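Residues per chain are reported as follows:
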Amino acid sequence: MARVGRLAGALLAETQGEFFLVGDLKEPCDWAAAGFEPPARLPGVGTPFVRLSPVRPVEVTTPLLVLEVEGEPLAMLLHERLVIHRNASVSERLWRLVTQGEAEPRTDARWLGQMPAAVWNVVRDGVLKCS
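Computed from a predicted model, the values in this text were never measured in an experiment.

Chemist: Whenever I open this one, the pairing of strand 2 (residues 10-15) confuses me. Can you help?
Modeler: Walk down a regular strand and you will see the side chains alternate between the two sheet faces. A large share of strand 2 lies buried, amounting to 6 of its 6 residues. Every second residue of strand 2 is oriented toward a common face, with Ala10, Leu12 and Glu14 on one face and Leu11, Ala13 and Thr15 on the other, all of them buried. The pairing of strand 1 (residues 2-7) with strand 2 spans 5 bridges and is classified as antiparallel. Across the sheet, residue leucine 7 finds its bridge partner in strand 2, namely alanine 10. Between the antiparallel neighbours strand 1 and strand 2 lie 2 residues, among them alanine 8 with a positive phi of about 55°. Bridging between strand 2 and strand 3 (residues 18-22) involves 5 bridges; their strand directions are antiparallel. When the sheet's bridge partners are listed, alanine 13 is paired in strand 3 with phenylalanine 20. Connecting the antiparallel pair strand 2 and strand 3 is a turn made up of 2 residues, with glutamine 16 showing a positive phi of about 50°.

Chemist: What is the right way to look at the packing of aromatic side chains in this model?
Modeler: Each aromatic ring pair is summarised here by two numbers: the centre-to-centre distance and the angle between the ring planes. Under the definition given, this model contains 3 aromatic pairs. Here phenylalanine 19 and phenylalanine 36 contribute two aromatic rings whose centre-to-centre distance is 5.2 Å and whose plane-to-plane angle is 70°, an arrangement assigned as edge-to-face. Placement of phenylalanine 19 in strand 3 and of phenylalanine 36 in the loop between helix 1 (31-34) and strand 4 (49-52) is noted, with a sequence separation of 17 residues between them. Across the pair, exposure class does not vary: phenylalanine 19 and phenylalanine 36 are buried alike. Sitting over the ring of tryptophan 95, arginine 6 keeps its end group 5.2 Å from the ring centre.

Chemist: For this particular structure, what's the right way to read unusual backbone geometry?
Modeler: Only a minority of non-glycine residues have a phi that is not negative, and only a minority of peptide bonds are not trans. With omega at 0°, the peptide bond leading from threonine 62 into proline 63 counts as cis. Examined against the element boundaries, proline 63 turns out to sit in the loop between strand 4 and strand 5 (64-67). The phi angle at alanine 8 is positive, at roughly 55°, despite the residue not being glycine. Looking at where alanine 8 falls in the secondary structure, it is placed in the loop between strand 1 and strand 2. A relative accessible area of 12% means that alanine 8 is categorised as buried. Here glutamine 16, not a glycine, exhibits a phi torsion of approximately 50°, which is positive. Secondary-structure assignment places glutamine 16 in the loop between strand 2 and strand 3.

Quick notes on the rules
Residues numbered from 1 in each chain as written. Predicted model: local features only at pLDDT ≥ 70, side-chain atom pairs only at ≥ 80, totals over all residues. Heavy atoms only, no water. Buried < 20%, exposed > 50% of the residue type's maximum accessible area, 1.4 Å probe, protein only. Helix = DSSP H or I, 4+ residues; strand = E, 2+ residues; numbered from the N terminus. Pairing = 2+ DSSP bridges. Phe/Tyr/Trp six-rings, centres within 6.5 Å; stacked < 30°, edge-to-face > 60°. Lys NZ or Arg CZ within 6 Å of the ring centre and 35° of its normal.

Below is the structure:
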């Protein structure tokens, strides 16, 4: 099972022993303190995710999502479902929707990977258009 949390405003996905950063950073990141080598490039418009290289054991912090999708398909799914494509930032509204407002430290989000894209896009558009 893959685990997804946050790192400096972006999404940090741990899947099959690999780590991916999805979405643009919203704040500076102390890569050494987070347990990673600084990546050569960061996610942004045109770069949905990057692979991170850990320098020590890394724990994905809570609140976190648990999904069945693994590997690069997980990183692409997270980008498609939770990132605002025009600016590459993670949508806080969508994150709160999926994490149930962070009420639980661990959220079973397997449904997010199983939901058809057309259905999620209706939800996504409605959430992102709310004022």
